[in-house]
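Breakdown of the fold
Each chain, letter by letter, is given below.
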Amino acid sequence: MDFKLSDEQRMLEETVGRLVRDGYPFDVREKARTSELGYSAEMWQQFAELGLLGVPFSEDFGGFNGGGPELMVVAEGFGRGLVLEPYLATVVLSGTLINSLGSDAQKEKLISAIVGGELRLALAAYEPEGRYDHTHVAATAEKSGDGYSLTGNKAVVLHGDSADQLVVIARTGGNGTDRDGLSAFIVDANADGVSRRGYETIDGLRAAEITFNKAAAELLGEEGKAIDALEASLALGIVALCAEATGAMEVACDQTLAYIKERQQFGVAIGKFQALQHRMVEMRMELEKARSMTIFAACSLDAPAQVCAKRVAAAKAIIGKSGRKVAEEAIQLHGGMGMMEETAVAHYAKRIVLIDHQLGDLGYHMQQLESLLDVDDDAA
Amino acid sequence: MDINFTPEELAFRDEVRVFLDTKLPKEIASKVKNGQHLSKDDTVRWQKILNEQGWMALHWPKEHGGTGWSPIQKHIFEEECAEYGAPSVLPFGVNMVAPVIIKFGTEEQKQKYLPPILNSDVWWCQGYSEPGAGSDLAGLKTKAVREGDHYVVTGQKTWTTLGQHADWIFCLVRTDPSAKKQEGISFLLIDMKTPGITVRPLITLDGEHEVNEVFFDEVKVPVENLVGEENKGWTCAKYLLTFERTGIAGVGQSKAALKHLKEVARKVQQNGKPLIDDPLFRNRLADVEMELMALEMTNLRTVAAAQAGGVPGAESSFLKIMGTELRQEITDLFRRAAGPYAQPFLPESFEADYDGEPVGPEFANTVSTKYFNMRKLSIFGGSNEIQKNIIAKMILGL
């Protein structure tokens, strides 16, 4: 048992840490957030130059061959800086799915372009009626010429507004929430039959409602057999979200602690009041739990399927629960200042809370955990 | 980064398992698992078995008969003991007074006190709290006045756990009433058979006799029973309170209890279905399970940090709060699992030789007493509010 980072992981941590410290001060982030794109294309190029876009991919594509712990290190650093760029959408969700399912030719073309910073992707999996259930897929694809023709609606596609191409989950068989019959496709985001309604999310990111009407699609992998690879990518995405939340929670705690040491009322720093001290302690306790569970999930992706599923669900549920407490308390302890758009901690609070609305919330993952209650699992 | 045990650690775990399989008396383990009373003899018997194996003193240096185990080994050992239903080792001698004697005692004191502690020939209890000194321990008033080669001790200690069995008590006493609160305190070892000592039982809300009051009426204590310097007892007290306690999170106990709770919830029927299928109950089970995972990983992170040479400090306060809240939550779920049968109170059934009929399902007999008994977890060893004060001061700098 060893919780220390390896030398390579520590280098990765330092790279991301330096980038966020130097390149991501709050005012710079605000400028990128309010730009038309919603993030910085220059920053994306820096990610490419630093090799960050290749973390989960093999060395053949200029990648780093990283797994859960490596993505955790990157995402936690991004969480500290509230990074806006479409890393989760492009690299973690779409990229790893292409990596699992794609042919050599597809990977050569697409993964290399991701690593080089030339291709931004979004995963269009969830649907308007499906809430957090990735098996609830009504979109269909049928053979058409050399490729497929895809029709359906996809909901709140993270960074779907600016993606160059979309990885879309559609049915080629089965119905309802059948696990069989789900296929993954590559669709050009600007192709005929694709219409996107992009918008800003409350936490400052971008997303889109996307409608496909007989859009030309290219199959990834075997027809009807995408579910395992999809779930592996979603699990990786959950690890990244947990880590991002942990990084953001850490900063929210630090900023709140600094604030209550500085803010004077009744002639003393408000951090002298025991009522606030105990709440601050509870925030830190939630942060520790979040960090522990993120590590647990990140190191469990290679465990037997049900054990992995149980730990990942538990981690995301803890993040939902602890994150809400930390976010609400960070605002509360900042008083009126916590309510202000100009206050950084408010943006951290928003991101932390909204992470619970991505890839399954507390309720959804509690249900997953309930269904896996009998899975015997000895940690360590 | 690797959350799995190394092959060496796994081999050690196997060694511990073989020991527990062969040496832990089945009748004692059964009492622990069923929540029945353990006698003094049960505890002493088990501790002597541990000592024969050389596994009694986890936290002592090797030269005094300690195991010399790493933090991870200690953690594995404590986890396995909980899983197998081994009685908890009584901490007052081996884990509390002994480390103080090793650190601050004279050579004579070490030779006199340590071997009988190791072999459980002497039963120790703790004389810290007083009616007027709980969380504010330094407010203690029991005084010791030097008269020749003796101290004369007068005052009262309270919440003295299992003091009814004790041969010796270690006490914080005031030796300089004029000094500032913390500065006039000394650490004294007192033979419970000394004239002037009276032990009175305190019965707790679950009907148990676990704690006592101990009265001192001009009790003569030889000067050589002083540990460390006179008026420097607070240093000993603090050392003892912050002494490495890998088991503070109680992960092993919680895991064993949750496992038992799931078994119970599979058996108990509600509307013709097992209780474990009740959505509300299942939701709370899942909540406990995920909180327990978080606690276990946080505990392992602390253990690993200690393994790497870090000194566990105020972080153990986090573990105390999280661990005790979780153990209490599990006792609440047991109470709910019993439903109406949480009400009957049959203390005679807590004895291992009870041969009467249970009222309701067997597990239900002890759920309520256990629930009320476990309220103590968030009060003793520094209440959870005091732990938060410690974290606020030591970690957050507030």
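Here is what the cut-offs are and how they apply
Residues numbered from 1 in each chain as written. Chains lettered and ligands numbered in written order. Predicted model: local features only at pLDDT ≥ 70, side-chain atom pairs only at ≥ 80, totals over all residues. Helix = DSSP H or I, 4+ residues; strand = E, 2+ residues; numbered from the N terminus. Rg over C-alpha atoms; globule rule 2.2 N^0.38 Å. Buried ≥ 20, exposed ≤ 12 C-beta atoms within 10 Å, placed from the backbone. Contact = placed C-beta atoms within 7 Å. Nonpolar A, V, L, I, M, F, W, Y, C, P; charged D, E, K, R; others polar. Domains from an automatic or database assignment. Pairing = 2+ DSSP bridges. Axes fitted to C-alpha atoms, helices over the stretch in contact; angles between N-to-C directions. Parallel < 35°, antiparallel > 145°, perpendicular 65-115°, else oblique. Left-handed = near helix turned anticlockwise from the far one by under 90°. Core = buried A, V, L, I, M, F, W, Y, C linked by C-beta atoms within 7 Å. Expected span 1.5 Å × (residues − 1). pLDDT = per-residue confidence, 0-100.

**Digging into the overall build of chain A**
- In terms of helices and strands, chain A carries eleven helices and nine strands.
- Taken over the C-alpha trace, chain A has a radius of gyration of 21 Å; the compact-globule value for 380 residues is 21 Å, and the two agree within 12%.
- Principal axes of the C-alpha set define a box for chain A whose edges measure 75 × 50 × 40 Å.
- Buried residues in chain A amount to 51% of all 380 residues.
- The long-range share in chain A, meaning contacts at least 24 apart out of those at least 6 apart in sequence, stands at 73%.

**Focus: the overall build of chain B**
- Across its full length, chain B carries twelve helices and ten strands.
- Relative to the 2.2 N^0.38 estimate, which gives 21 Å for 398 residues, the radius of gyration of chain B is 22 Å and therefore close to what a compact globule would have.
- Its C-alpha atoms put chain B at 75 × 50 × 50 Å along the principal axes.
- Going through the 398 residues of chain B one by one, you find that 41% of them count as buried.
- Looking at chain B alone, contacts between residues at least 24 apart form 71% of all its contacts between residues at least 6 apart.

**Here we look at the interface of chain B and chain A**
- Facing the 30 residues of chain B at the interface are 33 residues of chain A.
- In terms of residue count, helix α9 (residues 279–307) of chain B provides more of the side of chain B that touches chain A than any other element does, 14 residues in total.
- In terms of residue class, the side of chain B that touches chain A is built from 19 nonpolar, four polar and seven charged.

**Here we look at the domain arrangement of chain A**
Residue and element names in this part refer to chain A.
- Assigned domains within chain A: domain 1 (7–115), domain 2 (121–224) and domain 3 (228–371).
- Contact residues are listed per partner, giving twelve residues for domain 2 and eleven residues for domain 3.
- Looking at the side of domain 2 that touches domain 3, its residues break down into seven nonpolar, four polar and one charged.

**Quick look at the pairing of strand β6 (residues 194–200) of chain A**
Residue and element names in this part refer to chain A.
- Here seven bridges tie β6 to strand β7 (residues 206–220), and the two strands are oriented antiparallel to one another. Paired with Val194 across the bridge in β7 is Phe212.
- Between β6 and the antiparallel strand that follows it, β7, lie five residues; Gly204 among them carries a positive phi value of about 90°.

**Considering the packing of helix α7 (residues 227–262) of chain A against helix α9 (residues 305–333) of chain A**
Residue and element names in this part refer to chain A.
- Close contact between α7 and α9 brings their axes to 9 Å; oriented N to C, the two are set at 25°. As far as their axial angle goes, α9 and α7 are roughly parallel. For the pair α7 and α9, the sense of crossing is left-handed. Mapping the contact onto sequence places Ala235, Ile238, Cys242, Ala245, Met249, Ala252, Cys253, Thr256, Tyr259 and Ile260 in α7 and Cys308, Val312, Ala315, Lys316, Ile319, Gly323, Val326, Ala327, Ala330 and Leu333 in α9.

**Some details on the domain arrangement of chain B**
Residues and elements named next belong to chain B.
- When its domains are assigned, chain B resolves into domain 1 (7–89), domain 2 (123–231) and domain 3 (246–394).
- Between the C-alpha centres of domain 2 and domain 3 the distance comes to 32 Å.
- Counting residues at the interface gives six residues for domain 2, matched by six residues for domain 3.
- Within the side of domain 2 that touches domain 3, the residues separate by chemical class into one nonpolar, three polar and two charged.

**Considering the nonpolar core**
Residue and element names in this part refer to chain A.
- Membership of the largest hydrophobic core comes to 225 residues, with the highest contact counts inside it found for Leu150, Val168, Phe185, Val239, Ala252 and Met293.
- Take this core: its biggest share by element is 20 residues, from α7.
- Those residues in contact with Leu150 that lie beyond four places of it in its chain are Ala139, Ala141, Val168, Ala170, Phe185, Val187, Phe212, Ala215 and Ala217.

**Structural notes on the environment of A:Gly68**
All names here are of chain A.
- Position of Gly68 relative to the elements: it lies in helix α4 (residues 68–81).
- On the basis of neighbour count, Gly68 is assigned to the buried category, with 25 C-beta atoms found within 10 Å.
- Taking the C-alpha atoms as reference points, Gly68 and Val156, 88 residues apart in sequence, are found 25 Å from one another.
- Residues within four places of Gly68 in sequence aside, it is in contact with Leu236, Val239, Ala298, Cys299 and Leu301.

**Considering the environment of A:Leu219**
All names here are of chain A.
- Along the chain, the position of Leu219 falls in strand β7.
- Given 22 C-beta atoms within 10 Å, Leu219 falls into the buried group.
- As for Leu219 and Ile169, which are separated by 50 residues in sequence, their C-alpha atoms are 10.0 Å apart.

**A short note on helix α10 (residues 315–338) of chain B**
- Here α10(B) is 24 residues long and its end C-alpha atoms lie 36 Å apart, about the 34 Å a rise of 1.5 Å per residue gives.
- Just beyond α10(B), the residue with positive phi is B:Gly339, at close to 60°.

**Some remarks on the environment of A:Gly130**
- Relative to the elements of secondary structure, A:Gly130 occurs in the loop between β1 (121–124) and β2 (140–144).
- For A:Gly130 and A:Ala155, which are 25 residues apart along the polypeptide, the C-alpha to C-alpha distance reads 8.9 Å.

**A few points about the packing of helix α8 (residues 274–298) of chain A against α9(B)**
- The N-to-C vectors of α8(A) and α9(B) enclose an angle of 90°; their axes lie 8 Å apart at closest approach. One way to sum up the angle between α8(A) and α9(B) is to call them roughly perpendicular. Packed against α8(A), whose contacting residues are A:Glu288, A:Lys289, A:Ser292, A:Met293, A:Ile295 and A:Phe296, the element α9(B) presents B:Met293, B:Ala294, B:Met297, B:Thr298 and B:Arg301 at the interface.
- Taken together, the residues of the contact of α8(A) with α9(B) sort by class into six nonpolar, two polar and three charged.

**With respect to the confidence of the model for chain B**
- In the predicted model, chain B carries a mean pLDDT of 94, and 98% of its residues have values of at least 70.
- Two summary scores accompany this predicted model of the complex, namely pTM at 0.95 and ipTM at 0.95.

**Notes on unusual backbone geometry**
Residues and elements named next belong to chain A.
- Of note in the backbone geometry, Asn65 takes a positive phi value of approximately 60° without being a glycine.
- Along the chain, Asn65 falls in the loop between α3 (41–49) and α4.
- The backbone of Phe266 shows a phi angle near 50°, a positive value even though the residue is not glycine.
- Relative to the elements of secondary structure, Phe266 occurs in the loop between β8 (264–265) and β9 (268–269).
- Phe266 sits in the exposed class, given 8 other C-beta atoms within 10 Å.

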